[in-house]
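Residues per chain are reported as follows:
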Amino acid sequence: MVKWSDFERAAIQDIFSKINYDVVGCAALSRCLIVYPWTQRYFGGFGNLYNAAAITSNPKVAAHGKVIMAGLEKAVKNMDDIKTTYKDLSVLHSEKLQVDPDNFNLLADCLTIVVAGQMGAAFTPEVHGAFQKFLAVVVASLRKQYH
């Protein structure tokens, strides 16, 4: 079980209360698909992903970005038991979708960059640390079924 300080809990909740899920989700997933093009293999049904402009304007990418953010919101609401909260998602991604678990780290890194850009000076080193801890727990929870 992960121990969260009062500051970490408040910082994570504050981040998610301030960001625009539609913008952040789409931007983070788009960045991941552009910077790490091999991740596109899991999105064959999304249509045109041939270049950055196509990816960033793709409505299916935007929609899946919202799905990702909704999943993260569930983690925020269940910070004391993220592994149980993500059990079904872990099974889905490992057994049905067969996603390489390293891709969760790539997406988490892209999400951090986008959130930092959205928050500006409010994304202090302390807030960044809390966000990284949160994402590390989320990634570990998604990877759980792979072990």
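Only a predicted model underlies this, so the values are computations on that prediction, with no experimental measurement involved.

**Some remarks on the packing of aromatic side chains**
Going through the model one piece at a time under the given rule, you end up with seven aromatic pairs. Directly above the aromatic system of Trp 4 lies the positively charged group of Lys 133, at a separation of 5.0 Å from the ring centroid.

**Notes on the pattern of salt bridges**
Inspection of the entire model under this criterion finds five salt bridges. Where Lys 133 meets Glu 8, a salt bridge forms, and the shortest distance between an N and an O atom there is 2.9 Å. Of the two residues, Lys 133 is situated in helix 8 (residues 125-143) and Glu 8 in helix 1 (residues 6-18); the sequence distance between them amounts to 125 residues. Among the ionic pairs, Lys 18 bridges to Asp 14, the shortest N-O distance being 3.1 Å. Within this pair, Lys 18 and its partner Asp 14 are both found in helix 1, separated by four residues, close to a single helical turn. Take Lys 18: its relative accessible area is 53%, and that puts it in the exposed class. On the accessibility criterion, Asp 14 (30% relative accessible area) is partly exposed.

**A word on helix 1**
Helical geometry note: an α-helix holds 3.6 residues per turn, so side chains three or four residues apart project in the same direction. Given a rise of 1.5 Å per residue, 13 residues ought to cover 18 Å, and the 18 Å separating the end C-alpha atoms of helix 1 matches this to within 8%. All buried positions along helix 1 are accounted for by Glu 8, Ala 11, Ile 12, Ile 15 and Phe 16. Viewed along the axis of helix 1, the buried residues span an arc of 125 degrees, placing them on a single side of the element. Opposite the buried face of helix 1, by more than 90 degrees, sit the exposed residues Asp 6, Ser 17 and Lys 18. On the buried face of helix 1, the contacting elements are helix 2 (21-35), helix 4 (59-77), helix 7 (102-119) and helix 8.

The rules behind each value
In this convention, every chain numbers its residues from 1, walking through the sequence in written order. Local features in this predicted model are restricted to residues whose pLDDT is 70 or higher, and side-chain atom pairs enter the listing and the counts only when it is 80 or higher, whereas totals over whole chains, interfaces and linings include all residues. Calculation of side-chain values draws on the structure's entire complement of heavy atoms; hydrogens and water are dropped beforehand. Planes of paired rings set the category: under 30 degrees apart is stacked, over 60 is edge-to-face and the rest tilted, where pairs are Phe, Tyr or Trp rings (Trp by its six-membered ring) whose centres lie within 6.5 Å. For a ring to carry a charge above it, either NZ of a lysine or CZ of an arginine must fall within 6 Å of the ring centroid while also lying within 35 degrees of the normal to the ring plane. One speaks of a salt bridge when a side-chain nitrogen belonging to Lys or Arg is within 4 Å of a carboxyl oxygen belonging to Asp or Glu. Numbered from the N terminus, helices here are DSSP runs of H or I no shorter than four residues, and strands are runs of E no shorter than two. The cut-offs for exposure are 20% and 50% of the maximum accessible area for each residue type, with area from a 1.4 Å probe on protein chains only; residues under the lower value are buried, those over the upper are exposed, and the others partly exposed. Take the number of residues in a helix, subtract one, and multiply by 1.5 Å to get its expected span. Note: the arc covers the axis-to-C-beta directions of the helix. Residue contacts are defined here by distance: any two heavy atoms, one from each residue, within 4.5 Å place the two residues in contact.

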